[in-house]
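Summary of structural features
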Amino acid sequence: MHRAAALLLLSVFTLAAQSIQYSDSGKTWLLNTRQSSYAMGLGADGALRHLYWGAPLWRSDDLTAPPPRRDISSFDPRQMLEAEEFPGWGGPRYYEPALKITRDNGNRDLVLRYVSHRIAGNDLDIVLKDLNDPIEVTLHYRVYPDYGILRRSATIRNATQRALTVESAQSATWNLPPGEGYQLTYLTGRWAAETQVNHEPIHEGQKVLESRKGHTSHNFNPWFAIDSGDAGEEHGSVWFGALGWSGNWRISIEQTPYRQVRVTGGLNSFDFSYPLKPGETLETPPFFGGFSAAGFGPASRMLHRFTREQILPGGATSRLRPVLYNSWEATTFAVNEQGQKDLAGKAAKLGVEMFVMDDGWFGARNNDRAGLGDWTVNPQKFPQGLKGLIDHVTSLKMDFGLWVEPEMVNANSDLYRAHPDWVINFPGRPRSELRNQMILNLARADVKEYIFGFLDRLATEYNVRYFKWDMNRSFSEPGWPEAAPADQRKLWVQYVLNLYEILDRLRAKHPNLEIESCSGGGGRIDLSILQRIDEVWPSDNTDAFDRQRIQEGFSMAYPAKIMSAWVTDVPNMNTRSTPLAFRFLTAMQGALGVGSNLNKFSEADSALAAGMIAAYKRIRATVQTGDLFRLASPRTNDVTVNQYVAADGKQAVVFALRHSQQYNTAAPTIRLRGLDARALYKVESVNNKLVERQPQLSGAYLMQVGLNVNLRGDFDGTAIILERQ
Ligand code: DGJ
């Protein structure tokens with residue numbers, strides 16, 4: 001090779017290998033991952049401007065900060081045309097700001113200018129400061145070059161001598177390339193109907209996704225994807241983001257009249273007020289973003305891998321999720337030692353690896369009207385304490401898990417009688433109860449210590465491997481009367497920080513302890529709770545047909561490994577009955593669990609369950625840690641098809657679930673993805689539903705021609721396991 005060409009190539013590789021480049025000549029920053037680049041530049045006026053977010057670039061010297069724009073009119077000032085990286089609310093800016101403050105003298109103008117920056121490996125900090133006052137913002141960027149993910153957050157610091165109040169603190173503003181015709185995809189829902197996929201054009205104005213409920217909420221999940229208007233599962237440009245905050249959060253998607261689309265997200269500014277004394281800081285939650293040049297499938301796969309390896313405790317080294325049994329749907333509050341032992345014995349025979357006793361084991365908890373807060377074992381139900389049951393479970397070679405709902409209290413409890421002041425409340429106002437319970441004010445240090453204390457005691461005294469941490473109501477009357485009036489709204493933030501602290505301390509003290517995040521199903525699922533837990537309960541709705549869509553939406557943002565999915569008894573909440581095989585094939589696409597009343601299982605049911613659990617164990621590494629390809633959506637097809645390909649490519653598994661056959665039509669041919677075209681695959685269906693009779697087929701054939709499955713009638717399904725030869 002010519003020497004000059006070789007040198008150029010070398011410099012391309014060296015530059016591309018640097019995840020953060022700064023060009024002093026152009027005053028630009030280029031942040032690179034394998035899948036994307038993100039760039040900023042400094043304007044002549046000292047403002048930090050966004051320059052680029054999209055497919056990879058490699059040379060920061062190509063970039064120059066755009067010159068300042070001109071006002072279009074006195075109604076359309078130049079500030080509205082500039083893509084600021086982190087706009088303060090000040091000057092003639094009318095779009096959603098990233099930061100809004102009030103000084104103690106009432107002055108609210110904030111114009112942020114560049115001060116300095118620091119690059120350390122994959123981290124970049126850029127310090128901005130107000131034009132006049134030392135009100136500082138440090139923008140934090142962390143690049144995950146192998147994952148295609150950029151993490152953003154901000155620290156706001158009051159370096160003045162006077163108090164100020166933060167009124168809006170966002171983690172990031174994400175600017176899309178100038179243009180129109182974008183489409184927004186987002187997840188909505190409600191209790192028992194979470195993570196429904198919505199897809200719609202972005203028009204001028206604001207669309208707000210948020211929670212005002214104190215927890216992440218079932219109504220919106222803090223994830224978004226914006227595509228160029230023509231993207232599909234495996235084609236088209238998709239920009240995506242996921243916010244990590246388990247309290248009140250907000251993501252606004254805004255198209256201005258100037259062909260600009262920007263996404264602003266962080267702490268919800270509704271009922272928000274966060275005073276900062278001189279020297280104090282406020283840290284915003286992390287907001288993760290990425291770009292896929294080839295559709296929603298790669299966007300999800302990027303987030304899945306990133307979450308598994310960089311977010312979850314233990315990362316890539318954490319164990320595969322065990323097959324779990326949960327007592328809730330079988331026994332509700334009517335738990336007792338013998339009943340749980342009987343279920344445990346039956347569960348062990350099926351191949352279950354973790355036995356979780358749900359609600360009802362403590363205090364006077366015979367229904368949802370009493371006992372919450374009293375975390376002592378109910379002596380009528382468990383005369384010997386929990387030890388007898390736990391020893392029995394461990395003798396059956398299963399781990400033991402226990403349900404807790406640490407943040408809550410029933411009025412009818414010893415805890416509430418002793419500490420009525422511990423609940424969130426406004427004095428003299430009603431204390432609204434939902435599911436007959438109130439919320440303990442975790443923002444208070446004494447409440448935080450109480451909760452940590454009893455969980456620590458349970459984890460220490462008993463061999464608890466797993467807590468199912470439930471949270472069964474949204475906030476109301478969010479008062480913190482013991483705090484100074486100006487500080488009372490800090491509750492929204494401090495509650496969440498203390499929740500995180502308890503989880504972190506528990507894990508540090510009990511390194512083997514695993515935790516499930518449940519909030520009446522999927523009310524608390526986001527990338528910050530996921531840094532502290534191992535599994536989530538996506539929905540209280542275990543109807544296998546409804547689950548197809550709940551699981552599809554979940555998979556847009558979150559990996560199968562954390563998606564707890566149970567097989568339960570029918571009829572389910574819709575009075576629908578689906579066959580046991582269909583229920584298993586649905587639940588086997590996540591972290592498989594069983595919640596059926598095993599006392600009612602026939603021999604045939606038990607045999608089918610044991611067979612499915614054995615099949616699941618064969619494929620679980622592929623399902624939990626492989627690449628997901630959504631081949632057919634339950635929103636548009638009568639057959640839902642998902643394919644999982646193991647990281648080493650040796651195994652793939654395809655789930656095809658048909659909810660209703662009409663007009664005697666055959667199920668559509670399934671063209672696979674992500675295989676090695678030149679390889680041969682041994683192909684088998686777990687329940688003999690393959691039309692193809694050849695025991696082996698080539699990757700090329702499977703991807704180009706496809707497989708046919710014999711799915712007939714309503715609620716028929718199969719899993720096809722492919723082993724590369
Ligand atoms: C709500 C959860 O989502 C259920 O799985 C169960 O644990 C109940 N709470 C128990 O009260």
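Residues numbered from 1 in each chain as written. Predicted model: local features only at pLDDT ≥ 70, side-chain atom pairs only at ≥ 80, totals over all residues. Heavy atoms only, no water.

**Things to note about the domain arrangement of the protein**
So the rule is basically this: Just so you know, the domain bounds were taken from an automatic or database domain assignment. Put simply, buried area is how much 1.4 Å-probe accessible surface two parts lose in total, over both of them, once they are put together. By convention in these notes, a salt bridge is any Lys or Arg side-chain nitrogen within 4 Å of a carboxyl oxygen on Asp or Glu.
Its domain assignment divides the protein into domain 1 (3-311), domain 2 (315-625) and domain 3 (632-724). Domain 1 and domain 2 are separated by 34 Å when their C-alpha centres are compared. Taken over both partners, the interface formed by domain 1 and domain 2 buries close to 3,900 Å², and the fraction arising from carbon and sulfur atoms is 58%. Linking domain 1 to domain 2 there are 1 salt bridge. One salt bridge in this structure joins D271 and R489, with 3.4 Å as the shortest N-O distance.

**Quick notes on the sheet that holds strand β2 (residues 28-32)**
Threshold: When DSSP locates at least two bridges between a pair of strands, those strands are taken to pair. Elements are defined by DSSP. Helices are runs of H or I of four residues or more, strands are runs of E of two residues or more, and each kind is numbered from the N terminus. The angle between two axes is taken between their N-to-C directions and runs from 0 to 180 degrees, where each axis is a line fitted to C-alpha atoms and a helix contributes only its stretch in contact.
Spatially, 4 strands are ordered β1-β2-β3-β4 in an open sheet, and the strand pairing comes out antiparallel. Unpaired on one side and paired on the other, β1 (20-23) and β4 (48-54) mark the two borders of the sheet. Looking at each pair of strands side by side, their axes are set apart by 15° on average, direction ignored. One ladder, built from 6 bridges, connects strand β3 (residues 37-42) with β4; its direction is antiparallel.

**A word on the packing of helix α10 (residues 580-587) against helix α11 (residues 603-625)**
Any two packed helices are characterised by the angle at which their axes cross and by the distance between the axes. Spelled out, the test is: Small angles under 35 degrees read as roughly parallel and large ones over 145 as roughly antiparallel, with 65 to 115 read as roughly perpendicular and the rest as oblique. Helix crossings fall into two classes, left-handed where the near helix is turned counterclockwise from the far one by less than a right angle and right-handed where it is turned clockwise. Residue contacts are defined here by distance: any two heavy atoms, one from each residue, within 4.5 Å place the two residues in contact. Charged residues are taken to be Asp, Glu, Lys and Arg, nonpolar residues to be Ala, Val, Leu, Ile, Met, Phe, Trp, Tyr, Cys and Pro, and polar residues to be all remaining types, Gly included.
Packing of α10 against α11 leaves a shortest axis separation of 10 Å and a crossing angle of 25°. The pairing of α10 with α11 is recorded here as roughly parallel in orientation. Crossing hand, α10 versus α11: right-handed. Across the interface between the two elements, L580, A581, F584 and L585 of α10 pack against D605, L608, A609, M612 and I613 of α11. Among the residues making up the contact of α10 with α11, the classes are represented as 8 nonpolar, no polar and 1 charged.

**Describing the site of the ligand**
Worth spelling out the cut-off: Being near a molecule or strand, for a residue, means having at least one of its heavy atoms within 4 Å of it. Two N or O atoms count as a polar contact when they lie within 3.5 Å, although within protein this holds only if one can serve as hydrogen donor and the other as acceptor, and sequence-adjacent residues are included solely when both atoms are side-chain atoms. Note on areas: Shrake-Rupley, 1.4 Å probe, and residue coverage restricted to the protein chains presented here. Cavities and pockets were defined on a 1 Å grid built over protein atoms only: a cavity is a set of grid points that admits a 1.4 Å probe from which the probe cannot escape, a pocket is an open set flanked by protein on both sides within 12 Å along at least five of seven lines, and lining residues are those with an atom within 4 Å of any such point. Whether a molecule sits in a cavity or pocket is decided by its atoms, more than half of which must lie within 2 Å of the grid points.
As a structural note, the neighbourhood of the ligand is formed by 14 residues, with D358, D359, K468, D470 and D540 the closest of them. At 2.7 Å from an oxygen atom of the ligand is found a side-chain nitrogen or oxygen belonging to D358. A distance of 3.4 Å separates a nitrogen atom of the ligand from a polar side-chain atom of N472. The fraction of the free accessible surface of the ligand (290 Å²) that becomes covered by protein chains is 98%. The pocket occupied by the ligand, as judged from atoms lying within 2 Å of grid points, is the largest pocket. Tallied by class, residues from the shell around the ligand come to 5 nonpolar, 3 polar and 6 charged.

**Observations regarding the layout of surface pockets**
Which entries qualify depends on this criterion: Grid points are joined across faces, edges and corners, and a volume is the space filled by probe spheres set on the points.
Roughly 470 Å³ of internal volume is contained in the largest pocket. Looking at the lining of the largest pocket, its residues break down into 9 nonpolar, 7 polar and 10 charged. Looking at the lining of the largest pocket, you find at least three residues from each of domain 1 (3-311) and domain 2 (315-625).

**Description of the pattern of salt bridges**
Within this structure, the stated rule accounts for 55 salt bridges. One salt bridge connects E233 with R630, and the closest N-O pair in it is separated by 3.1 Å. Taken together, the residues E233 in the loop between β14 (220-227) and β15 (238-243) and R630 in strand β31 (residues 627-632) connect sequence positions 397 residues apart. Note that R532 and D504 form a salt bridge whose closest N and O atoms lie 3.0 Å from each other. With R532 in the loop between β27 (514-517) and β28 (535-536) and D504 in helix α8 (residues 491-509), this residue pair connects regions lying 28 residues apart in the sequence. Connected through salt bridges with shared partners, the residues R319, R321, D399, R465, E514 and E535 form a single ionic network.

**Some thoughts on empty space enclosed by the protein**
Scanning all chains against the criterion turns up 9 cavities of 30 Å³ or more. Here the largest cavity is characterised by a volume of approximately 170 Å³. If you trace the largest cavity, you find 19 residues lining it, with Q551, E552, S555, N642 and Y644 closest to the centre. Contributions of two or more residues to the lining of the largest cavity are made by α9 (544-557), β31 and β32 (639-645). Looking at which domains feed residues into the lining of the largest cavity, each of domain 2 (315-625) and domain 3 (632-724) supplies at least three.

**Some details on α11**
Here is the rule: Expected helix span is computed as 1.5 Å times (number of residues minus one). One axis fitted to the seven residues ending at a residue, another fitted to the seven starting there: the angle between these axes is the bend at that residue.
If you check α11, its first and last C-alpha atoms are 33 Å apart, about what 23 residues at 1.5 Å a residue would give, namely 33 Å. Maximal helix bending in α11 amounts to about 60°, located at I619.

**Considerations on the confidence of the model for the protein**
Short version of the rule: A residue's pLDDT is the confidence the predictor assigns to it, expressed on a 0 to 100 scale.
When pLDDT is averaged along the protein, the result is 96; 98% of the residues meet or exceed 70. Here residues 7-13 is a poorly scored stretch, pLDDT under 50, and it has 2 contacts once near neighbours within four places are set aside; other chains count.

**Brief notes about the environment of R417**
How we decide: Think of it in three bands: with a 1.4 Å probe and only protein chains considered, a residue is buried below 20% of the maximum accessible area for its type, exposed above 50%, and partly exposed in between.
Within the element layout of this structure, R417 appears in helix α6 (residues 414-418). With relative accessibility at 51%, the residue R417 sits in the exposed group. Taking the C-alpha atoms as reference points, R417 and V686, separated by 269 residues in sequence, lie 55 Å from one another. In this view, R417 contacts A411 and N412; residues no more than four positions away in its chain are not counted.

**With respect to the packing of helix α4 (residues 337-350) against helix α5 (residues 387-395)**
Where α4 meets α5, the axes come as close as 10 Å, and the angle between the chain directions of the two elements is 5°. The orientation of α4 relative to α5 falls into the category roughly parallel. Across the interface between the two elements, E337, Q340, K341, A344 and G345 of α4 pack against G388, L389, H392 and V393 of α5. Residue classes in the contact of α4 with α5 are distributed as 3 nonpolar, 4 polar and 2 charged.

**Topic: the environment of P427**
Structurally, P427 is set in the loop between α6 and β25 (437-439). For P427, a relative accessible area of 58% corresponds to the exposed category. Placed 220 residues apart in sequence, P427 and K207 show a C-alpha to C-alpha distance of 35 Å.

**Regarding the sheet that holds strand β34 (residues 680-685)**
What the 6 strands build is an open sheet, ordered β31-β32-β33-β36-β34-β35; its pairing is antiparallel. Because the sheet does not close on itself, it has two edges, and the strands there are β31 and β35 (696-698). Each strand of the sheet is rotated relative to its neighbour by a mean of 25°, with strand direction disregarded. Relative to strand β36 (residues 716-724), strand β33 (residues 651-658) is paired through 8 bridges, and the arrangement is antiparallel. Residue pairing for β36: A656 is matched across the bridge by T718. Taken strand by strand, α11 contacts β31, β32, β33, β34 and β36, and its axis lies near 85° from that of β33.

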